[in-house]
Amino acid sequence: MAITVRSKVVKIGNSRGIRIPHALLEQAGLSDEVEMMVEENKLIIRSARLSRQGWEAQFTAMSEHADDQLLDQAPSTQWDEDEWTW
């Protein structure tokens, strides 16, 4: 169910702000930190993504397709040959 609310843009110091009703925050899943961008004359506000969010699923998919191998092999050194136990 879409909710439409009209709000005023208010001055906050040198910036401007709007009040977002609780119902809209819940519906959009917004918390304390958001990302904002302008796209085709629209201000888009969305939940801030966590760093590395979704990486685990991507790594799993890569593994399932055998796409998780190193692209190049590091050359071994004399120390690797003499001292290191594999």
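Let me sum up the structure you'll find in this document. Just so you know, the residues in each chain are numbered from 1, in the order the chain's sequence is written. Local features in a predicted model are, by the rule used here, given only for residues with pLDDT of at least 70; side-chain atom pairs are given and counted only at 80 or more, and totals for whole chains, interfaces and linings are based on all residues. Calculated side-chain values reflect all of the structure's heavy atoms, with hydrogen atoms and water omitted.

Details of a nonpolar patch on the surface
Quick reminder of the rule: Patch membership requires more than 30% relative accessible area and the absence of a salt bridge. Residues of like charge join within 9 Å; the nonpolar side chains Val, Leu, Ile, Met, Phe, Trp and Tyr join within 5 Å. Note on areas: these come from Shrake-Rupley sampling with a 1.4 Å probe, and a residue is covered only by the protein chains present in the view. Think of a salt bridge as a Lys or Arg side-chain nitrogen and an Asp or Glu carboxyl oxygen that are within 4 Å of each other. Secondary structure elements are defined from DSSP: runs of H or I of at least 4 residues count as helices, runs of E of at least 2 residues count as strands, and each element is numbered from the N terminus.
On the surface, Val34, Met36, Val38 and Leu43 cluster together into a nonpolar patch covering about 420 Å² of accessible area. The element that contributes the greatest number of residues to the nonpolar patch is strand β3 (residues 34-39), accounting for three residues. Its location among the elements puts Met36 in strand β3.

Remarks on the environment of His22
Definition in use: Whenever two N or O atoms come within 3.5 Å, that pair is a polar contact, provided that in protein one can donate a hydrogen and the other can accept it, and provided that, for residues adjacent in sequence, both atoms are side-chain atoms.
If you trace the backbone, His22 turns up in helix α1 (residues 22-28). In this structure the side chain of His22 is engaged in a polar contact, spanning 2.9 Å, whose partner is the side chain of Glu26.

Some details on the packing of aromatic side chains
Describing an aromatic ring pair means giving the distance of the ring centres and the angle of the ring planes. We apply this condition: Two aromatic rings, drawn from Phe, Tyr or Trp (for Trp, its six-membered ring), form a pair once their centres lie within 6.5 Å of each other, and the interplanar angle then sorts them: stacked below 30 degrees, edge-to-face above 60, tilted otherwise. Throughout this description, buried means an accessible area under 20% of the type-specific maximum (1.4 Å probe, protein chains only), exposed means over 50%, and partly exposed covers the range between.
According to the stated counting rule, one finds two aromatic pairs in the structure shown. Where Trp55 meets Phe59, the ring centres are 6.1 Å apart and the plane angle is 75°; that geometry is what we call edge-to-face. Residue Trp55 and its partner Phe59 are both found in helix α2 (residues 55-64); the two are separated by four residues, about one turn of the helix. A relative accessible area of 48% means that Phe59 is categorised as partly exposed. Each ring, one from Trp79 and one from Trp84, has its centre 5.8 Å from the other, and the planes form 40°; the classification is tilted. Using a relative accessible area of 43% as the deciding quantity, one classes Trp84 as partly exposed.

Considering the pairing of strand β4 (residues 42-47)
Every regular strand shows the same layout, with side chains that alternate between the two sheet faces. Cut-off, in case you're wondering: Each pair of strands is called paired provided DSSP finds at least two bridges between the two strands.
Bridge analysis of β3 against β4 gives six bridges, and the strand direction is antiparallel. If you follow Met36 over to β4, its bridge partner there is Ile45. Linkage of β3 to β4, two consecutive antiparallel strands, is achieved through a turn of two residues, within which Glu40 is found at a positive phi near 50°.

As for the environment of Leu43
Test applied: It only takes one pair of heavy atoms within 4.5 Å for two residues to be counted as in contact.
Along the polypeptide, Leu43 turns up in strand β4. Note on Leu43: relative accessible area 55%, which makes it exposed. In this structure, Leu43 is in contact with Met36, Met37 and Val38, ignoring residues within four places of it in sequence.

What about the pattern of salt bridges?
What the rule picks out here adds up to one salt bridge. One salt bridge connects Glu35 with Arg46, and the closest N-O pair in it is separated by 3.1 Å. Here the residue Glu35 occupies a position in strand β3, and Arg46 occupies one in strand β4, the gap between them amounting to eleven residues. Among the residues examined, Glu35 registers a relative accessible area of 27% and is labelled partly exposed.

Some points on unusual backbone geometry
Positive phi values are uncommon outside glycine, yet Glu40 reaches one of about 50°. With respect to the secondary-structure elements, Glu40 resides in the loop between β3 and β4.

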